[in-house]
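Chain and residue survey
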Amino acid sequence: MNAHTTTRLACFAAALMLPLATPAPAQTASLARDLGDGTRELLSIDSALGIPLQRLRNMVFQRPQLAGRARLHSLRADLPNLRGIGSAAPHVQLPEGGAVYLASQGTLDRVLLVDGQQLPRTLITSAQAGGALQTWLAASDDGRWLLIATSNDRVWLLDTRGPRSAHELTAASAPAAVAGESLRVSNDTAWMVAEGQVWRAELDALDRRFEVVSAALAPGESFCAELAVAGDGRSVAAVSETTPDARRLWHATRESALDLVLDDTADYDLPNLRDLDGPLLALSRDGSFLAWRSTVLVKEVFTRRIDSAQLPTQVTADANVADTFDGSSILDFTVNNELVLAVGETQADEPENFLDRGEFYALDLTQPGATLQNISQTSGETAPPYLIGGELELRHAFESPAGDRLLLEIDPDDGDEAYIALDLTGTNAIENLVPGGDQFIEVRPAGRSVLFVRQAFGGQPTRLDVLSPGQALRSVPLPPGVIALDRFAAATHDQQAACVARFSDGSEMPLHLSLVSATATPITGALDAVSEGLAFLPSGALLIGLGDPQLFAILGGPGNSLRLKLPPGDALPLQP
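Here's a quick rundown of the structure. (Residues numbered from 1 in each chain as written. Predicted model: local features only at pLDDT ≥ 70, side-chain atom pairs only at ≥ 80, totals over all residues. Heavy atoms only, no water.)

Observations regarding the sheet that holds strand β25 (residues 299–305)
This is how the line gets drawn: A pair of strands is treated as paired once DSSP finds two or more bridges between them. Helix and strand definitions follow DSSP, with helices as H or I runs of at least four residues and strands as E runs of at least two, each counted in order from the N terminus.
On the basis of which strands lie adjacent, the open sheet formed by four strands has the order β23-β24-β25-β26 and antiparallel pairing. Two strands close off the open sheet at either side, each with one partner strand: β23 (281–283) and β26 (313–314). Bridge analysis of strand β24 (residues 289–295) against β25 gives seven bridges, and the strand direction is antiparallel. Counterpart to phenylalanine 289 in the pairing with β25 is arginine 305.

What follows is the structure, encoded as structure tokens:
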């Protein structure tokens, strides 16, 4: 049964990881029920009593945009991330639990926090904010602080944990033309670009307000909207321009003005955080090093220690990298301030930063005079100047959910898609994870693990592999005859996930996945059809949407259940 054709739903909740003798704590399950007119109502259900409570009606979910997060980090479990893209309820998943949804009711916009511990909470509405809410959201690493701007250029700080939800950072001087994509926030500092200037707010100050960060700009020069922020959020790198080919690089800390990194103009790349293999301008995690790419004849990568008066180092100089390489891409800074980058040839008929005949390199920026180390060695050369081109085609780059590996999608043999992993903890060891073959490889985060799904093509069986921190890739045995896996959900903290297996006869079966033992266990019972919705509560209870108009809440195991009739209509569990 197709997920999008289900018109009636019930929910089945099971605390799969709890012993039968342990009562599950009462928590709130949230569902968005289709009202048949393009809008939904929000139902909250106490997991102990099974009593539905209507919270909101006639709402439409909007797709949020997460500012300041590189696509590279889209699998990370310890950072805020976009989830549910393509579904009816996309949201920002917070790393310590809870999810943020944007919803509209006619002309009223609201930011909703769903955490499963209490009833869904509205953090701010457009009526309170004084203007329509933009879809851009910025979030601190721990998920406590959010920034959102309005259509009339007011910027609000939202607290996902405190009793007071919203505080206006622009109350003293609301600027014009706030660039929503420029919003950045850490535990103690907020940043943005407005009116072509960089603004900063100190969250631990009494007045908590945005003020312009001074910079000696030339006439007609202004700052571009994208900012690169260090992992600690206490410093930023910014790009100014008079024209796109006449840009300058700047740097500011939480306490300082904006200072020039280079006193010249060039064609510097913006951070390009949503690029397939960016960022292309990045600060190290502690803010001590800056790496950027500039384009003159070829795309070259430069680095500089922020507190040094020395000139920048061109790390892709011809003495280290062959003349035949005309493209490069910054991939990541490791926790040890080691820069990882890719170098190769660009192709006219491919995306701008697609790299062919490539190699992966590492550079230890803490060691004076250190040179690039070829860590992929597909060319067979292990020392400069690497005169033979490599064999890799870099297609995508991700950090693993735990941040311990760089996952690289490559195409080394012209059609054999594969994944390799690069250890980011200091060894630079490369693992051959998923070999190439005539299969579509899908990557899904699952807590601190990552799942590789190889869907069946050409008669090959569907395969599921799990990569967990500190472990090699493990295969998860599946029931025979599975032709597809979809509708994945994962617990935020527990090492468990769930999905729906589809068989060649059209039947479906939900599976519980233990990521500790790498096993898949069928979830049996009165499950005649599974809808589009699966979600985990913080306790580990699993919500499964069914094709029957009943709500099954089984907490702690079979026999301890509640049965509730819901109004007819397709409903979607919301991930807390």
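Brief notes about the pairing of strand β16 (residues 189–194)
Filter applied, for reference: Under the scheme applied here, a residue whose accessible area is under 20% of the maximum for its type counts as buried, over 50% as exposed, and between as partly exposed, the area being computed with a 1.4 Å probe on protein chains only.
Where burial is concerned, most of β16 is hidden: six out of the six residues are buried. Covered by surrounding structure in β16 are Thr189, Trp191 and Val193 together with Ala190, Met192 and Ala194, the residues of both alternating faces. The sheet contact formed by strand β15 (residues 184–185) and β16 spans two bridges and is antiparallel. Note on β16: the bridge partner recorded for valine 185 is alanine 190. Counted along the chain from β15 to the antiparallel partner β16, the turn is three residues long. Across six bridges, β16 lies against strand β17 (residues 197–202) in antiparallel orientation. Following the sheet pairing, methionine 192 is matched in β17 by tryptophan 199. What sits between β16 and β17 in their antiparallel hairpin is a turn of two residues, with glutamate 195 showing a positive phi close to 55°.

What to know about the sheet that holds strand β22 (residues 259–260)
The strands making up a sheet are joined through hydrogen bonds of the backbone, oriented either antiparallel or parallel. The strand order across the open sheet formed by four strands is β19-β20-β21-β22, and the pairing between neighbours is antiparallel. Two strands bound the open sheet, and with one partner strand each, they are β19 (222–229) and β22. Note that strand β21 (residues 246–253) and β22 share two bridges and pair antiparallel. Bridging from a neighbouring strand, histidine 251 pairs with aspartate 259 of β22.

A word on the pattern of salt bridges
Selection rule: Take a side-chain nitrogen of Lys or Arg and a carboxyl oxygen of Asp or Glu: if they are within 4 Å of each other, that pair is a salt bridge.
Under the criterion given, the structure shown has 28 salt bridges. Between glutamate 399 and arginine 285 there is a salt bridge whose closest N-O contact spans 2.7 Å. Here the residue glutamate 399 occupies a position in strand β31 (residues 392–399), and arginine 285 occupies one in the loop between β23 and β24, the gap between them amounting to 114 residues. The class for glutamate 399 is buried, based on a relative accessible area of 0%.

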